[in-house]
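# Observations on the three-dimensional arrangement
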Amino acid sequence: MCGIVAYVGDKQAAPIIIKGLKRLEYRGYDSAGIALLNGKLNVYKKQGKVADLEQVLDGKTLNSTIGIGHTRWATHGEPNDVNAHPHYSGSKNLALIHNGIIENYESLKKELISRGHTFDSDTDSEVLIHLIEDIRDNNDCTLGRAVRLAMQQVIGAYAIVVMDKDAPSQLIAARKGSPLVIGVGKGEFFLASDATPIIEYTNEVVYLDDYEIAVINEGELEVKSHKDVPKTPYIQTLEMELESIEKGGYEHFMLKEIFEQSRSIGDCLRGRIYPKDALIKLGGLRKHGNTIANANRIIIVACGTSWHAGLVAEYIFEELARIPVEVEYASEFRYRNPIINEGDVVFAISQSGETADTLAALELAKKKGAHIYGVCNVVGSSIARLTDAGVYTHAGPEIGVASTKAFTAQVTVLTLIALMIAKKRNSLSDEAIKELSRELESVPEKVAIALENAAEIEKISAVYKDAKNFLYLGRGYNFPVALEGALKLKEISYIHAEGYPAAEMKHGPIALIDEEMPVVVIATRDSSYDKVVSNIQEVKARKGKIIAVVTKGDALIPSMADHVIEVPDTHPVLMPLVSVIPLQFLSYYIAVMRGCNVDQPRNLAKSVTVE
Ligand code: M6R
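If you're wondering where the values come from, they're calculated on a predicted model, not measured in any experiment. (Residues numbered from 1 in each chain as written. Predicted model: local features only at pLDDT ≥ 70, side-chain atom pairs only at ≥ 80, totals over all residues. Heavy atoms only, no water.)

Close to the ligand lie 15 residues; Ser-306, Ser-350, Ser-352, Thr-355 and Glu-491 are nearest. Residue Gln-351 places a main-chain N or O atom 2.7 Å away from an oxygen atom belonging to the ligand. Lys-488 places a side-chain nitrogen or oxygen 3.0 Å from an oxygen atom of the ligand. Computed on the free molecule, the ligand has an accessible area of 410 Å², of which 92% lies beneath the protein chains in the complex. (Near = heavy atom within 4 Å. Polar contact = N/O pair within 3.5 Å; in protein donor to acceptor, adjacent residues only side chain to side chain. Areas by Shrake-Rupley, 256 points an atom, 1.4 Å probe, with all protein chains shown as cover.)

Below, the structure is given as structure tokens:
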């Protein structure tokens, strides 16, 4: 939530920062701003998109080789020009951008007001820059020290960057709980919430850790702990390609990411699966296989789509590895004093690796003595770094707010983990592991076939684009897929949708069904197929409209359903990887036809870094 970008070097800062903000716009898009040093410390900000900010900048002299920029997802204070970042200090000599939430901002603000400070905005963030200036003025110290002392008083989460009118080559950054990456170029530095604004200029990066403060001055980077202990910055080389964060000819990132899934699942499997030897190699878990296999139970914590992937994993782990699994919304888990016993294993699933609730749930589990592991997409993310070990999904950057390729990559990784544990626990024969592994290897090809349905699903979407409600039904492995389909539709097209286990329909939701109600049924061939067919008949008897996702060659359901979308057959355990594809397309096309902003749906942000 909120994207921050900063630059200092010998190039013009404004174009770098504006381009970076556009790349980060998926993190927040209700207002944007930039501060540049051009004799004066000038702050320009505007409610709306980065494009609206560009209009404000149009025709202005922006000559500055240092600057900070921000794209906002409002928490404290409504989205407007004043609440947009950067925020000035009282003297207007300092400016700050902030991502996170300052929980004790009211008490800090009261104290600062009593000392004569006045505030322009309703934000928690403005308090920080007043606090920093107050400390600097009253202690006659450097800005770096003032930031450090200020952050010691702050409760909450932050990634901040501060610039000073009188220090044209200095940026100061600090982090706790919100991500911050520093790109190290030749005599220049880039700071951002993730690597996407940086990668075009350098692939050498330093991930700032919690409670660290970075001072960049005169081309030098110095990192210290908030207790003033010097740290040696660890420079990593990123493998991300520029084209992976661009639309590549697609109208939206979401569409591009849907189409990438055959490739991304393949990337996720590469080098990890050896069907001939019934072998699964997950480098990240190499030393932890026995701990997981010997666990009394596995708890999965996640949010949103990642939680749906966790639900699929519950079914897979229990079926293949015969370990009890509980799947928890991270936000509930952390606040309900959960029982965690020695030997429990907790997996966090997160595309971004930055989701605040998931991170906090993991911290709690760690404190209670659990072994904690991660399934993350973003390399170097907070969850990836907090966990004992984990597996990256290698889906590549996911920019569309609606998660698509991350879901299929998560399910793929979780299947690999389940197979690895099944082998260690002898809960599956080598023959069964070989068969499932071979089938898993064929999934990218099957997904490619499912992707060929795009045009047909576009036509179905045109029929239902004005529906007020949707119901999604599935059983077994397809139940989490129903939840995922409903979430996709809700978040990008703003149509109310609910996902249900198909058999639960008659315990309530059936009352909603009439001729106005489209019901998406995921009815692929598995052990509950006949039961799902009965559920379809129950819907038809009440004049509901059926959009059925069926296994290729199904001869029965087409005679009952209003629309049929075929997907290739695969093992039921792997079916979510294929059956989710039509639902992603359906939500995408309906949203486009309703004129919605698919990649940046209202009120949402890609990484939910506040609780
Ligand atoms: O980055 P994470 O996987 O931790 O994000 C979790 C959810 O915020 C995310 O899946 C959200 O529900 C998506 N917008 C769904 O498309």
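Right, picking up where we left off after that structure.
The subject of this paragraph is the nonpolar core. Within the largest apolar cluster, 97 residues are counted, with the highest numbers of intra-cluster contacts made by Ile-298, Ile-417, Ile-421, Phe-470 and Tyr-472. Here this core spans two domains, and each of domain 2 (250–450) and domain 3 (452–600) adds at least three residues to it. By size, the runner-up hydrophobic cluster in this structure holds 32 residues, among which are Tyr-29, Ile-34, Leu-53 and Ile-199. (Core = buried A, V, L, I, M, F, W, Y, C linked by side-chain atoms within 4.5 Å. Buried < 20%, exposed > 50% of the residue type's maximum accessible area, 1.4 Å probe, protein only. Domains from an automatic or database assignment.)

What follows is about the domain arrangement of the protein. What the domain assignment reports for the protein is domain 1 (3–244), domain 2 (250–450) and domain 3 (452–600). Each of domain 1 and domain 3 has a C-alpha centre, and the two are 44 Å apart.

Next up on the list: the packing of aromatic side chains. One pass over the structure, following the stated rule, counts 12 aromatic pairs. Ring centres 4.0 Å apart and planes at 10° place the aromatic pair Trp-307 and Tyr-329 in the stacked group. Pair noted here: Trp-307 is in helix α9 (residues 304–321) and Tyr-329 is in strand β19 (residues 325–329), with a separation of 22 residues, a long-range link. When its relative accessible area of 10% is taken as the criterion, Trp-307 is described as buried. Of the residues examined, Tyr-329 reaches a relative accessible area of 38% and is grouped as partly exposed. (Phe/Tyr/Trp six-rings, centres within 6.5 Å; stacked < 30°, edge-to-face > 60°. Helix = DSSP H or I, 4+ residues; strand = E, 2+ residues; numbered from the N terminus.)

With that settled, consider the sheet that holds strand β12 (residues 212–217). Sheet architecture is open: 7 strands sit in the order β5-β6-β7-β8-β12-β13-β14, paired in antiparallel fashion. Two strands close off the open sheet at either side, each with one partner strand: β5 (87–88) and β14 (230–231). Here strand β8 (residues 170–176) pairs with β12 via 6 bridges, running antiparallel. Residue pairing for β12: Arg-175 is matched across the bridge by Glu-212. Of the strands in this sheet, β5, β6 (94–102) and β7 (156–164) are in contact with helix α4 (residues 125–139), which crosses β6 at around 130°. (Pairing = 2+ DSSP bridges. Contact = heavy atoms within 4.5 Å. Axes fitted to C-alpha atoms, helices over the stretch in contact; angles between N-to-C directions.)

Let's shift gears to unusual backbone geometry. Going from His-85 to Pro-86, the amide bond is cis rather than trans, its omega being 0°. Examined against the element boundaries, Pro-86 turns out to sit in the loop between β4 (66–72) and β5. Of note, the phi angle at Asp-140 is positive, near 50°, even though the residue is not glycine. Within the secondary structure, Asp-140 is located in the loop between α4 and α5 (143–153). Judged by its relative accessible area of 72%, Asp-140 is exposed. For Glu-218, which is not a glycine, the phi torsion comes out positive at approximately 50°.

This part covers the environment of Ile-372. Tracing the chain through its elements places Ile-372 in strand β21 (residues 371–376). The buried category is assigned to Ile-372, whose relative accessible area is 0%. If we skip the residues at most four places from it in the chain, Ile-372 touches Val-346, Leu-362, Ala-365, Lys-366, Leu-386, Thr-387, Asp-388 and Ala-389.

Right, let's talk about the pairing of strand β9 (residues 181–184) for a bit. Within a regular strand, the side chains alternate between the two sheet faces. Side chains of β9 alternate between two faces, with Val-181 and Gly-183 and Ile-182 and Val-184 buried alike. Examined bridge by bridge, β9 and strand β10 (residues 189–192) share 4 bridges and lie antiparallel to one another. The residue of β10 that forms the bridge with Gly-183 is Phe-190. Here β9 folds back onto β10, and the loop between the two strands holds 4 residues, one of which, Gly-187, carries a positive phi near 70°. Here β9 runs beside strand β11 (residues 204–207); their pairing, made up of 3 bridges, is antiparallel.

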